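The residues making up each chain are set out below.
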Amino acid sequence: MGKNIDCTFIQSKMLNKSKGPAVHSLRAQADKDSYSMRMRFTLQNTDHLMLRQAEVTELIVEAGQICGVKTFSGAIYHAKAVVLATGTYLRARCLYGDVVNYTGPNGLQAANYLSRSLEENGVELYRFKTGTPARIDKRSVDFSVMEEQFGDEKIVPFSFTNREEDIKRDQISCWLTYTNEKTHEIIRDNLDRSPLYSGMIEGTGPRYCPSIEDKVVRFSDKNRHQLFIEPEGEYTNEMYVGGMSSSMPEDVQYAMYRTVKGLENVKIIRNAYAIEYDCINPNQLKLSLEFKNISGLFSGGQFNGSSGYEEAAAQGLIAGINAARKCKNQTPLILDRSQAYIGVLIDDLVTKENHEPYRMMTSRAEYRLLLRQDNADLRLTPIGYEIGLIDQNRYDLFCCKKAKIDFEINRLKHVTVGTGKKVQDVLMNHGSTPLKNASTLAELIKRPELSYESLAELDSERNYLDDSVIEQVNINIKYEGYISRQLKQVEQFKKMENKTIPDDIIYEDVHNLRKEAVQKLKLIHPHSIGQASRISGVSPSDISVLLIYIEQLRRRSEK
């Protein structure tokens, strides 16, 4: 996916650059058609992968084990493992005003039969809702009154195998404009015509990406909301109005869109709409994304009650990996909260009670200083290599990069500069305090106003290094104290994660465990004490009781 977006992006931007590296977030605007074509080509040319297009209507389950699936045509596909990634298509219906279309997104066919099979096999379903804004004609937009949003001059590739010069291109701008009081007035005057407020919509919508009518009601103190006008691709006039999803009737959509600066004469190509769909209660899943009660059945994406895009893709990756490992009788890959945002996401989904589409945010991660986008390869490439997703050539390149980082950090800690005129001049030129005593280059880099690059004049021994290596050297030296502190926290976290709970534990037998805790622990069936401690309704005292009981079980088994 990283390689394909590097080939098909039309704008690239690092978000939150004014803040520290822990919250930097790389975002690319895709050419949707080009990305889809390239990904389809990738799949069609993957060895040992057979693609078959059909609607799956039934799961074949025998004695709690998935055995295959049945399609609408009656064809049966036998399988040791099955991954469900149904997106927003299960019993989907699209709504705006009093118009209801029983289709999936973009008018694609809904999947209307599989839900019944899931329920018959004891799977608990929720009804969630999401939405999308109108697509508009670029030729009807007045960009002269909007704020142009440029891509970054320095492009950071998504794939660590690419360099900036490999993917450099002329970028296409996005545009920023705002709603206003007139927009909000039209929305408030027509709330009774919105299926969101009329009762037509049954599903629960996302808290963090609400529709424009939801924003106007919930944030009534705001007199405007940001809207991003974004191209759908390089060779289309369709544009996406980010921030203004809606389920209002068509005439209201025209009225409210045309109050926005730059959209006074806008022409709508496709109406905004809300979409309702079936998804599961993710508490039914293990951390491997396998169903607890149906062996070999895995689940990924929005079907697990998350929001779309990044969250969905991350789960699909893990569900696919673990389905393959299940077929090979290998232990599942489980990334924990200290290893990856994927670990935080999945742990939150399967451990906590989620009654709305789940959105991943940096604030959900306790160890976000370690889980930066810039060091994803350092954290996860060894795991990818171990499970067979990273080839030897890429792994060798990774090892070379890591060795360069480690060597350079160690070297800088041993290169000392004195208090001579050249040193003091360089420091003053960068607004830094002069030295009173000799200092290592690493100590100087820790100063906020200085960096590895700015000290080049004082470091004649340095060799050429790639930007990605320099970035890691800078971050690891500057934040060394904070990183060390977080690593100690991770050590404590790991101790709790490594205290596993026996699969056959009977929680009713644990004396002094509160009834609510018993109910929640039976529902989630946590893998470890660490996971149990994150369950809503399980208190620290419950964890203490559980630890004592497990220790007693261990001693009995040793006797």
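Here the structure is shown first, and the text comes after it.
Residues numbered from 1 in each chain as written. Predicted model: local features only at pLDDT ≥ 70, side-chain atom pairs only at ≥ 80, totals over all residues. Heavy atoms only, no water.

A look at the layout of surface pockets
- Empty space within the second largest pocket amounts to approximately 600 Å³.
- Taken together, 22 residues form the lining of the second largest pocket, with Leu370, Asn375, Asn476, Ile483 and Leu487 sitting closest to its centre.
- Those elements giving two or more residues to the lining of the second largest pocket turn out to be helix H11 (376-386), helix H12 (392-412), helix H15 (467-478) and helix H16 (480-497).
- Across the lining of the second largest pocket, the residue classes tally to ten nonpolar, six polar and six charged. (1 Å grid on protein atoms, 1.4 Å probe; cavity = no way out; pocket = protein on both sides within 12 Å on 5 of 7 lines; lining within 4 Å. Points joined across faces, edges and corners; volume = space filled by probe spheres on them. Helix = DSSP H or I, 4+ residues; strand = E, 2+ residues; numbered from the N terminus. Nonpolar A, V, L, I, M, F, W, Y, C, P; charged D, E, K, R; others polar.)

Concerning H12
- A rise of 1.5 Å per residue sets the reference length of H12, with its 21 residues, at 30 Å; its end C-alpha atoms lie 30 Å apart and thus fit the reference within 8%.
- When H12 is considered as a whole, its buried residues turn out to be Tyr395, Phe398, Lys401, Ile405, Glu408, Ile409, Arg411 and Leu412.
- Contacts made by the buried residues of H12 are with H11, strand E19 (439-440), helix H14 (441-445) and H15.
- Sitting at the head of H12, Asp391 places a side-chain oxygen 3.3 Å from the backbone nitrogen of Asn393. (Expected span 1.5 Å × (residues − 1). Buried < 20%, exposed > 50% of the residue type's maximum accessible area, 1.4 Å probe, protein only. Contact = heavy atoms within 4.5 Å. Polar contact = N/O pair within 3.5 Å; in protein donor to acceptor, adjacent residues only side chain to side chain.)

Digging into the side chain of Gln11
- Considering the arrangement of structural elements, one finds Gln11 in strand E1 (residues 9-15).
- Polar side-chain contacts of Gln11 include one of 3.0 Å to the backbone oxygen of Gln149.
- Other than its neighbours up to four places away in sequence, Gln11 contacts Arg27, Ala28, Gln29, Gln149, Phe150, Gly151, Gln171, Ile172, Ser173 and Cys174.

Focus: the sheet that holds strand E3 (residues 56-62)
- The strand order across the open sheet built from three strands is E3-E4-E5, with neighbouring strands paired in antiparallel fashion. Of all strands in the sheet, those bounded by a partner on one side alone are E3 and strand E5 (76-78). This sheet shows a mean twist of 25° between the axes of neighbouring strands, independent of strand direction.
- As paired elements, strand E4 (residues 65-71) and E5 share three bridges and run antiparallel to each other. Bridge pairing in E5 places Gly68 opposite His78. (Pairing = 2+ DSSP bridges. Axes fitted to C-alpha atoms, helices over the stretch in contact; angles between N-to-C directions.)

Observations regarding the pairing of E4
- Across six bridges, E3 lies against E4 in antiparallel orientation. Bridged to Val61 within E4 is Ile66.
- Hairpin connection between E3 and E4: a loop of two residues separates the two successive antiparallel strands, and Ala63 in this loop has a positive phi of roughly 55°.
- Following E4, the chain reverses through four residues before pairing antiparallel with E5; Gly74 in that reversal takes a positive phi of roughly 100°.

Side note on the sheet that holds strand E11 (residues 147-149)
- Spatial ordering of the open sheet is given by E11-E12-E13-E14-E10-E15, a layout of six strands whose pairing is antiparallel. Either end of the sheet is taken by a strand with one partner, and the two such strands are E11 and strand E15 (268-270). Sheet twist, expressed as the mean angle between neighbouring strand axes with direction ignored, is 35°.
- Where strand E10 (residues 135-137) meets strand E14 (residues 238-242), three bridges bridge the pair, whose relative direction is antiparallel. From the neighbouring strand, Asp137 faces E14, where its bridge partner is Glu238.

A closer look at helix H5 (residues 181-189)
- Those residues of H5 not exposed but buried are Thr183, His184, Ile186 and Ile187. Viewed along the axis of H5, the buried residues span an arc of 160°, placing them on a single side of the element.
- Against helix H7 (212-218) and helix H8 (250-257) lie the buried residues of H5.
- Of the residues flanking the start of H5, the one acting as N-cap is Asn180, its side-chain oxygen 3.0 Å from the backbone nitrogen of Lys182. (Arc of directions from axis to C-beta.)

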